[in-house]
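The chain contents come next:
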Amino acid sequence: MKELVEVIAKSLVDNPDEVEVTEKQSGKALVLELKVAPSDMGKVIGKQGRIAKAIRSVVKAAASRDDQKVIVDILQ
């Protein structure tokens, strides 16, 4: 899942070198924390959060194959 979020985020931003994804286990859920450069924050979130929602939907669909719960957090 980490690689999936990383690939999606790197394709969206201007500074792909600054994309960082960390995994944390929180109970039964896997939490993926996405950090990007401050100038790229808007590109990852999108207007009214549409791109962020789309990223979460894709990850949720991929995780459902493995019966996992995955949460994607976008950090500053």
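Residues numbered from 1 in each chain as written. Predicted model: local features only at pLDDT ≥ 70, side-chain atom pairs only at ≥ 80, totals over all residues. Heavy atoms only, no water.

Peer 1: Quick one: what's the story with the pairing of strand β1 (residues 20–26), residue by residue and with numbers?
Peer 2: Alignment of β1 against strand β2 (residues 29–35), held across seven bridges, turns out to be antiparallel. Residue pairing across strands places E23 opposite L32, the latter belonging to β2. Where β1 hands over to β2, the hairpin turn is made up of two residues, of which G27 adopts a positive phi near 65°. (Pairing = 2+ DSSP bridges. Helix = DSSP H or I, 4+ residues; strand = E, 2+ residues; numbered from the N terminus.)

Peer 1: How would you summarise the pattern of salt bridges if you had to cite specific residues and measurements?
Peer 2: The final tally for this structure, using the stated rule, is four salt bridges. Of the charged contacts, one joins K10 and E6 as a salt bridge, the two residues approaching to 3.7 Å between their closest N and O atoms. Of the two residues, K10 and E6 are both situated in helix α1 (residues 2–12); the distance of four residues between them amounts to about one turn of the helix. The exposure class of K10 is partly exposed, given its relative accessible area of 36%. Taken together, the shared-partner salt bridges connect D14, D40 and K43 into one network. (Salt bridge = Lys/Arg side-chain N within 4 Å of Asp/Glu carboxyl O. Buried < 20%, exposed > 50% of the residue type's maximum accessible area, 1.4 Å probe, protein only.)

Peer 1: I'd like a rundown of the sheet that holds β2, residues and numbers included.
Peer 2: One open sheet accounts for three strands, arranged β1-β2-β3; its pairing is mixed. The sheet terminates laterally at β1 and β3 (69–75), the two strands that pair on one side only. With strand direction ignored, the average angle separating the axes of adjacent strands in the sheet is 25°. Relative to β3, β2 is paired through seven bridges, and the arrangement is parallel. When the sheet's bridge partners are listed, E33 is paired in β3 with D73. Packing of helix α3 (residues 50–65) onto the sheet brings it into contact with β2 and β3, and relative to β3 it is tilted by some 155°. (Axes fitted to C-alpha atoms, helices over the stretch in contact; angles between N-to-C directions. Contact = heavy atoms within 4.5 Å.)

Peer 1: Any details on α3? Residues and values, ideally.
Peer 2: Along its 16 residues, α3 runs 23 Å from first to last C-alpha, staying within 8% of the 22 Å computed at 1.5 Å per residue. For α3, the complete set of buried residues consists of A52, I55, V59, A62 and A63. Across the axial projection of α3, the buried residues extend over an arc of 100°, all falling on one side. The exposed set on the far side of α3, more than 90 degrees from its buried face, consists of R50, K53, K60 and R65. Those residues of α3 hidden inside the fold are in contact with α1, β2, α2 (41–45) and β3. Positive phi appears at D67, one or two residues downstream of α3, with a value of about 55°. (Expected span 1.5 Å × (residues − 1). Arc of directions from axis to C-beta.)

Peer 1: Describe the nonpolar core, and please don't skip the residues or the numbers.
Peer 2: Ranked by size, the top nonpolar core spans 16 residues in total, and within it V5, V19, L32, L34, V36 and V59 carry the most contacts. Of all the secondary structure elements, the ones that give two or more residues to this core are α1, β2, α2, α3 and β3. Ignoring anything within four residues of it in the chain, the contact list for L34 reads V5, A9, V19, E20, V21, V44, D73, I74 and L75. (Core = buried A, V, L, I, M, F, W, Y, C linked by side-chain atoms within 4.5 Å.)

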